[in-house]
Amino acid sequence: MRRSASVSTSLWFVALAVVCAFFADLTISAHDPWGELARLFSGLLTPDLTRTDYLAEALVRTLAFAFVGVGLGAASGFALAMVFGSRIVRTFCAFIRAIHELFWALIFLQFFGLHPLTGVLAIAIPYAGVFGKVYAEILEETDPQPRDTLPFGTGKIIALLYTRVSQAWPQLVTYTSYRLECGLRSSAVLGFVGMPTLGFYLESAFAQGHYSAVGALLLLFYVLITTLRLWVRPKLVPLYLMVAPFLLGSGLPIRWQNVTRFFTEDIVPAPLRGGEGWSELGPWLVELLSTEALPGIWNTLVLTQIALVLTGVLTLLLYPLGSRHFTNRLTGPLGHTVLVVLRSTPEYLLAFILLQLWGPSMLPAVIALAVHNSGIIGHLIGRRSNDVTLRPDAPTGIERYAYELTPRLYGPFLAFLFYRWEIIMRETAILGILGIATLGFYVDSAIQEIRFDRAMVLILITALLNIGVDILARWLRARLRLKHTAQSEP
Amino acid sequence: MLGRIAFCLTLCLVALGASAQTFVFTAIPDEDETRLRERFQAVADYLQEELDVDVRFVPVKSYAAAVSAFRNDQVQLAWFGGLSGVQARARVPGSQALAQGAEDAEFVTYFIAHKSTGLKPGSGLTEELKGMTFTFGSKGSTSGRLMPEYYLRKTYDAAPEEVFDKVGFSGNHSRTASLVATGAYQLGALNYTVWENEVEAGNIDTDEVNVIWETPPYPDYQWTIRGDVDERFGKGFTDKVRKALLNMDDPKLLESFPRSKFIPADNSDYAIIEDVAKQIGLIDE
C-alpha cells in the first residue's frame, strides 16, 4: 500500500515535469557548443595560475568569508535552536533561510557596499536559519532521561550542555562540517556579485574566454573542497575562527546613514515615497505582479519541476557509484570521487559555465541543478545502501539494482528528494541572475534599475514561494510516511 | 566553546572597523575585466601624484554596484556610462559630470549580426530582423541597452521582447561580441569603441559577424564626482580633479578607457539620456 502511494506520487511528478518540458525553452542555441566545451576541457588540462592576479588573496578571502560566515551562522543558529519551540522563532528561521545568500548579498550591497560585512552576513543569516532548524531537530532526538538525573537547581544551559549537547555532539559536528563545505561554495559564488573571493576572478576569466585561467581557478576550488577533511581538524577550528576575521580584507568603510536611507526611503514603494498616497499602491503592485512576478513565478515553477524530476532520475542512476554493493576496492574510491566532484560544483557556477557554452535557455539551469543535487542525494543514498545487508546468494548487476536495492532505498530516496525540493527552488530563483527568466532575473533587473522597492517585493515573493514548497514537501513526506530525521539530512 | 565563539565575534567586529581619508574611485565594468585592477591602478597612481591624496581604485561587478558605491559615498569619483551617470547624479545632490572622452560627445551603438542570418553589412534595422534572437549588453548600459532599445522601439513600435524571438543580456560589450560571434545569439548591440578594439586586437572574425547598423550619435561615458569632496579634501579639490583628468595625456593610461583624450563635460550634456531613459521606463518620471 505504502509503496504504491510512493510510486503513484512519483509518476504524478514525472508527468507534471513532462508537461512542463513542453512549456520550457530547452534549446541549445550556441553555434559551436562542443567546440566551446572542448576549449573548456583543454583549459582544465592546461591550467594557468599566472593569468589571475591576486590568486592567493582570492583563496584566503574565500576561506575567511566561509569561516566567519558559517561560524556566525552556527553560533546564532545554536541560540535559535534553544528557543525553537516558539512558533515565531520557527517562522523567523523559515523566512531567513528562504532567501538565498546571493539575494542577501545583493541587499547588503546596497547599504554596506563592498564591505566584508556584506559577504559575512549574506552567509551567516540564511545559514543561521538552517542551523537553527537542524540543530533543534538533532537535539530533539536525544534521550531526555539524563536530564532527570541532574540535581535540582542545575542551570538550564549547564543542563543542556551536559545532557543533550553531549549526546548529540557527533551529529552536531558532522552537520556543521558539512555546512562548512557549503559555506565554501557560497563564499566562492559571492564573488559573482563583487566579493573578493574566487568567483570574482572566475567570472572575469570566463567572460573573456580565458579558459586556462578558468581551469586553474576551478581546480583550486576542487582541491580546497576535497582536502577539507585533511586540514579542518576539530582542534584547529577555533584557531581558524580566530584568524579568519582578520583575513576578510578591509573593503570600503560603512556609512551608517546609508542603512537608514535604505530602510526609510529606498525600499518604500515608489507611490508612497513619491507622496501619491495609498490609493496608488494598488495599481503599482498589480503592475509589478502582472509584468514581473507572475512570469517569474511561472518560470521558476516550471524549471523547478523539471530539475527536480531530472535530479531524481540522475540520482537513481548515480547512487551505485557510492554503494559497496556495486563497487569494489578499486572502483569504490573512483565512484566516490565522481560524486564529490558533482556535488562540489556549485549549481550557480555550473549553470554559468553551461550558459556560456550552450547559449541561453533553461537547459543549462536544468542540467546544473540536476547534476549538483543528484551528486548530493546520490552520495547519501549510496551511503544508506551500505547499511543494507544482502543475502549471500543475492543477484548481482542489474538485477541486484532493480530488485534488491532500489526498491528498499526508494523511501529514503523520496524523502531526500522532497527535502531538496525547496533548495532546488531557491536555487532556480537565483539562477535568474544569470539571465534565465525566473524570479531572480526580475530581482536583478530591479536592482540594476536601482529600484529596490520592486526588488524587495520580488524577493519577498520568492521567499514565500519557497516556504510554500517546503510546507507542501513536508505534507507529502507525512502522507507517504517517509521517515526523515535530522541525522539523515545532507 | 560558546565563550570562544563570542570572543571570535568580538574580534570580527573589531576587524571590520578602520580606514582613513582616501579618495576612492571606480569604473563601470563594461568590458574586459581581467587585469582591470592592474590597468586602473595606473590611473590611480597618476591621480595620487596629481592630487596629493591617497587614491584607490575599487573594481565592481555591475553598473548598479558602481552607482550604489557612489551614492553610498564609498567612492567619490566614478567613470560612468551615460545612464549610470544620470542615475547616480539624481541620487547625490551637488554631484557633477567633470569630463568625458573625446569620443563620448558623439558616441554610437553598433548592431551586429552573425553571418548565418544572411544579413549584409549596413543593411539596417529591417523587417528581416523580426523573430531572430538578440542580446543587449548589461541591463544598465547606455550603449548596450538604453540607446539600442530606444531605437528598436522607435523602428518597430514594439518592445524588444515582441520583436525578437529571444532577448538576452550578455553582461558586457565584449561578451556581446563573442556571443554573436559564436552564434549563441544571432544579433547584438554594443559600444562601438569596444567593437573596434576587439576587431583590432584580432578577437573577432569579421567573416563571422558584421555591423548591420549604427545609431545616430548620443553622449555617453563621463567622469562624475560627488558634490561634497571640496569639504572633505579641501577647497578647489573638484577643480584639481577636473584638471588632472583633462591633462591626462599618457596613451597608456588613456588606453584603459579606451579614449584618445578627455574633454570637459557637465550635467546638462546628459539631459537627452535622462529623457530617453524616462521614455522607455528605465527611470521613474
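Residues numbered from 1 in each chain as written. Chains lettered and ligands numbered in written order. Predicted model: local features only at pLDDT ≥ 70, side-chain atom pairs only at ≥ 80, totals over all residues. Heavy atoms only, no water.

Focus on the side chain of Ser361(A)
1) Next: You can see Ser361(A) is positioned in the loop between helix H17 (347-358) and helix H18 (363-385).
2) Next: Within the structure, Ser361(A) has its side chain in polar contact with the backbone oxygen of Thr27(A) (distance 2.8 Å).
3) Next: Side-chain polar atoms of Ser361(A) contact the backbone nitrogen of Leu363(A), separated by 3.1 Å.
4) Next: Aside from chain neighbours lying at most four places away, what touches Ser361(A) is Asp25(A), Leu26(A), Thr27(A), Leu355(A), Ile436(A) and Lys166(B). (Helix = DSSP H or I, 4+ residues; strand = E, 2+ residues; numbered from the N terminus. Polar contact = N/O pair within 3.5 Å; in protein donor to acceptor, adjacent residues only side chain to side chain. Contact = heavy atoms within 4.5 Å.)

Quick notes on the packing of helix H9 (residues 198-207) of chain A against helix H10 (residues 211-226) of chain A
Residue and element names in this part refer to chain A.
1) Next: Axis separation between H9 and H10 bottoms out at 8 Å; the angle between their running directions is 155 degrees. Here H9 lies roughly antiparallel to H10, going by the angle between them. Relative to H10, the crossing made by H9 is left-handed. Every residue of H10 that contacts H9 at Leu198, Tyr201, Leu202, Ala205 and Phe206 is listed here: Tyr211, Ala213, Val214, Leu217, Leu218 and Phe221. (Axes fitted to C-alpha atoms, helices over the stretch in contact; angles between N-to-C directions. Parallel < 35°, antiparallel > 145°, perpendicular 65-115°, else oblique. Left-handed = near helix turned anticlockwise from the far one by under 90°.)

Comments concerning the domain arrangement of chain B
Residue and element names in this part refer to chain B.
1) Next: Along its sequence, chain B is organised into domain 1 (21-104 + 220-270) and domain 2 (108-214).
2) Next: Distance from the C-alpha centre of domain 1 to the C-alpha centre of domain 2: 28 Å.
3) Next: Contacts between domain 1 and domain 2 engage 15 residues on the former and 14 residues on the latter.
4) Next: Surface buried jointly by domain 1 and domain 2 totals about 1100 Å² across both partners, of which 48% is contributed by carbon and sulfur atoms.
5) Next: Inspection of the domain 1/domain 2 interface yields 0 salt bridges.
6) Next: The interface formed by domain 1 and domain 2 includes 3 residue pairs in polar contact (both at pLDDT 80 or more).
7) Next: Here the element with the most residues in the side of domain 1 that touches domain 2 is helix H4 (residues 82-91); it accounts for 3 residues. (Domains from an automatic or database assignment. Buried area = accessible area lost by both parts, 1.4 Å probe. Salt bridge = Lys/Arg side-chain N within 4 Å of Asp/Glu carboxyl O.)

A closer look at the packing of aromatic side chains
1) Next: Going through the model one piece at a time under the given rule, you end up with 59 aromatic pairs over all chains.
2) Next: Arranged with centres 5.9 Å apart and planes meeting at 50 degrees, the rings of Phe262(A) and Phe452(A) form a pair that is tilted. With Phe262(A) in helix H13 (residues 256-266) and Phe452(A) in helix H21 (residues 452-479), this residue pair connects regions lying 190 residues apart in the sequence. Take Phe262(A) and Phe452(A): they sit in the same class, and that class is buried.
3) Next: A centroid spacing of 5.4 Å and a plane angle of 90 degrees characterise the contact between Phe40(B) and Phe257(B), whose relative ring orientation is edge-to-face. (Phe/Tyr/Trp six-rings, centres within 6.5 Å; stacked < 30°, edge-to-face > 60°. Buried < 20%, exposed > 50% of the residue type's maximum accessible area, 1.4 Å probe, protein only.)

Description of the sheet that holds strand E1 (residues 23-27) of chain B
Residues and elements named next belong to chain B.
1) Next: What the 6 strands build is an open sheet, ordered E2-E1-E3-E10-E4-E11; its pairing is mixed. What marks the edges here is a single partner per strand, and that holds for strand E2 (55-57) and strand E11 (262-264). Across the sheet, the mean angle separating the axes of adjacent strands is 25 degrees when strand polarity is ignored.
2) Next: On the sheet, helix H3 (residues 63-71) packs against E1, strand E3 (77-80) and strand E10 (222-225) and is oriented at approximately 155 degrees with respect to E3. (Pairing = 2+ DSSP bridges.)

Focus on H13(A)
1) Next: By the burial criterion, the buried members of H13(A) are Asn258(A), Val259(A), Arg261(A), Phe262(A) and Asp266(A). Down the axis of H13(A), the buried set is contained in an arc of 165 degrees. They therefore lie on one face. Projecting away from the buried face of H13(A) at angles above 90 degrees are the exposed residues Trp256(A), Gln257(A) and Thr264(A).
2) Next: As for H13(A), its buried residues are in contact with helix H5 (101-111), helix H14 (270-273) and H21 of chain A together with H3 of chain B. (Arc of directions from axis to C-beta.)

Let's talk about helix H19 (residues 397-431) of chain A
All names here are of chain A.
1) Next: The first and last C-alpha atoms of H19 sit only 38 Å apart over 35 residues, clearly below the 51 Å expected at 1.5 Å per residue.
2) Next: Within H19, the axis deviates most sharply at Thr406, by approximately 50 degrees, and proline Pro407 lies no more than four positions further along.
3) Next: With respect to burial, H19 is a largely interior element, 27 of its 35 residues being buried. (Expected span 1.5 Å × (residues − 1). Bend = angle between axes of the 7 residues up to and from the residue.)

Focus: the environment of Ala213(A)
1) Next: Within the secondary structure, Ala213(A) is located in helix H10.
2) Next: For the pair Ala213(A) and Glu449(A), spaced 236 residues apart in the sequence, the C-alpha separation amounts to 32 Å.

Looking at the environment of Ala158(B)
1) Next: Mapping Ala158(B) onto the fold places it in the loop between helix H5 (142-156) and helix H6 (160-163).
2) Next: Setting aside residues no more than four positions away along its own chain, Ala158(B) makes contact with Leu152(B), Arg153(B) and Val163(B).

Observations regarding unusual backbone geometry
Residues and elements named next belong to chain B.
1) Next: One non-glycine residue with positive phi stands out, namely Asp52, at about 65 degrees.
2) Next: One can find Asp52 in the loop between helix H2 (36-51) and E2.
3) Next: Assessed through its relative accessible area of 69%, Asp52 is described here as exposed.
4) Next: The backbone of Asp157 shows a phi angle near 55 degrees, a positive value even though the residue is not glycine.
5) Next: Tracing the backbone shows Asp157 in the loop between H5 and H6.

Digging into the interface of chain A and chain B
1) Next: Residue-level contacts link 66 residues of chain A with 56 residues of chain B.
2) Next: For the pair chain A and chain B, the summed buried surface comes to about 5000 Å²; carbon and sulfur atoms form 55% of the total.
3) Next: Per-residue buried area on chain A facing chain B is highest for Leu252(A), Gln448(A) and Ile450(A); these three make up 13% of the total on that side.
4) Next: Taken together, the connections running from chain A to chain B amount to 6 salt bridges.
5) Next: Asp73(B) is the partner of Arg255(A) in a salt bridge, and the nearest nitrogen-oxygen pair spans 3.4 Å.
6) Next: Remark: the boundary between chain A and chain B carries 21 residue pairs in polar contact (both at pLDDT 80 or more).
7) Next: Elements supplying a minimum of two residues to the side of chain A that touches chain B: helix H3 (55-82), H5, helix H6 (116-140), H9, helix H12 (237-243), H13, H17 and helix H20 (439-448) of chain A.
8) Next: Looking at which element gives the most residues to the side of chain A that touches chain B, the answer is H9(A), with 6 residues.

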